[in-house]
Amino acid sequence: MRPPKPSPWAQAWRYLRDPRRRTYVVLGAIATLGLIGFGIYAIVDGPPPTVEGVVYFTGDATKAQKDAVRKACPSVGGAIQEPPDRNNLDVTRVYPLRYDLTKASSSDRAKLFGCVSGRPGVLGINTETQGQ
């Protein structure tokens, strides 16, 4: 008669306690604890995510149309219009109008989206969350 087969937990425990694997088990445990610690830090004390609204313009929108939207839709409550970039990057020319929506309420966002949408040369506005 055969002895009963150990449970999967007992087999795993025996496998991990094998002296030939001790170094790898200790390193794995340290890495796991480090990941858990970093996860707790990121949730509890990490930097808050930032939300940015980017206005998308049509390909044939003129600089005057972009400037008109910038002047017509200033900051609304917590939706703060970011100053125009002074560099000459392609991204800056394509997406010249951005808003910081991190502290904006739902009504602030609705007012901003209503102001921006329907303007000549505007396709829409997109929100991007960074830092999550």
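Above this text sits the structure in question.
Please read these numbers as outputs of a predicted model, since none were measured by experiment.

Let's shift gears to the pattern of salt bridges. Within this structure, the stated rule accounts for five salt bridges. For Asp-18, the salt bridge identified is with Arg-21, shortest N-O distance 2.6 Å. Salt-bridge contacts for Asp-67 lead to Lys-63; the nearest nitrogen and oxygen are separated by 3.2 Å. Placement of the pair is Asp-67 and Lys-63 together in helix H3 (residues 63–72), with a separation of four residues, close to one helical turn.

Counting residues in hydrophobic clusters, the biggest one holds 15 residues, and the most contacted among them are Val-55, Phe-57, Tyr-99, Leu-101 and Val-116. Listed by contribution, the elements that provide at least two residues to this core are strand S1 (50–57) and helix H5 (106–116).

What follows covers the packing of aromatic side chains. What the rule picks out here adds up to one aromatic pair. Ring centres 6.2 Å apart and planes at 40° place the aromatic pair Phe-38 and Tyr-41 in the tilted group. Taken together, the residues Phe-38 and Tyr-41, both in helix H2 (residues 22–44) and three residues apart, mark about one turn of the helix.

Structurally, Gln-81 can be placed in strand S2 (residues 80–81). Of note is the side chain of Gln-81, whose polar atom sits 3.1 Å from the backbone oxygen of Arg-70. Those residues in contact with Gln-81 that sit more than four places away from it in its chain are Arg-70, Cys-73, Pro-74, Ser-75, Leu-97, Arg-98 and Tyr-99.

Let us now look at H3. Along an α-helix, residues three or four positions apart point the same way, because every turn accommodates 3.6 residues. Residues of H3 that are buried include every one of Lys-66, Val-69 and Arg-70, and no others. Relative to the axis of H3, the buried residues are bounded by an arc of 100° and lie together on one face. Along H3, exposed side chains directed more than 90 degrees from the buried face belong to Ala-64 and Lys-71.

It is worth spelling out a nonpolar patch on the surface at this point. Taken together, the side chains of Leu-33, Ile-36, Ile-40, Ile-43 and Val-44 define a hydrophobic patch exposed on the protein surface, amounting to about 570 Å² of accessible area. Structurally, Ile-40 is set in helix H2.

Right, let's talk about the sheet that holds strand S3 (residues 98–100) for a bit. The strand order across the open sheet formed by four strands is S2-S3-S1-S4, and the pairing between neighbours is antiparallel. At either margin of the open sheet sits one strand with a lone partner, and together these are S2 and strand S4 (122–130). Lying over the sheet, H5 contacts S1, S3 and S4, oriented at roughly 150° with respect to S4.

The topology assignment puts Thr-58 in the loop between S1 and H3. Exposure remark for Thr-58: the relative accessible area of 24% places this residue in the partly exposed category. Each residue touching Thr-58, except ones within four places of it in the same chain, is listed here: Gly-121 and Leu-123. Side-chain polar atoms of Thr-58 contact the side chain of Asp-60, separated by 2.9 Å.

Time to look at the state of the cysteines. One way to say it: the disulfide is the covalent bond shared by the sulfur atoms of two cysteines. A complete count under the given rule lists one disulfide for this structure. One disulfide in the model links Cys-73 with Cys-115; its S-S distance is 2.0 Å. An S-S torsion of about -95° defines the bridge between Cys-73 and Cys-115 as left-handed. Taken together, the positions of Cys-73 in the loop between H3 and S2 and Cys-115 in helix H5 put the pair 42 residues apart, joining distant regions of the chain.

About the cut-offs
Residues numbered from 1 in each chain as written. Predicted model: local features only at pLDDT ≥ 70, side-chain atom pairs only at ≥ 80, totals over all residues. Heavy atoms only, no water. Salt bridge = Lys/Arg side-chain N within 4 Å of Asp/Glu carboxyl O. Helix = DSSP H or I, 4+ residues; strand = E, 2+ residues; numbered from the N terminus. Core = buried A, V, L, I, M, F, W, Y, C linked by side-chain atoms within 4.5 Å. Buried < 20%, exposed > 50% of the residue type's maximum accessible area, 1.4 Å probe, protein only. Phe/Tyr/Trp six-rings, centres within 6.5 Å; stacked < 30°, edge-to-face > 60°. Polar contact = N/O pair within 3.5 Å; in protein donor to acceptor, adjacent residues only side chain to side chain. Contact = heavy atoms within 4.5 Å. Arc of directions from axis to C-beta. Patch = residues over 30% accessible without salt bridge, like charges linked within 9 Å, V, L, I, M, F, W, Y side chains within 5 Å. Areas by Shrake-Rupley, 256 points an atom, 1.4 Å probe, with all protein chains shown as cover. Pairing = 2+ DSSP bridges. Axes fitted to C-alpha atoms, helices over the stretch in contact; angles between N-to-C directions. Disulfide = S-S within 2.5 Å.

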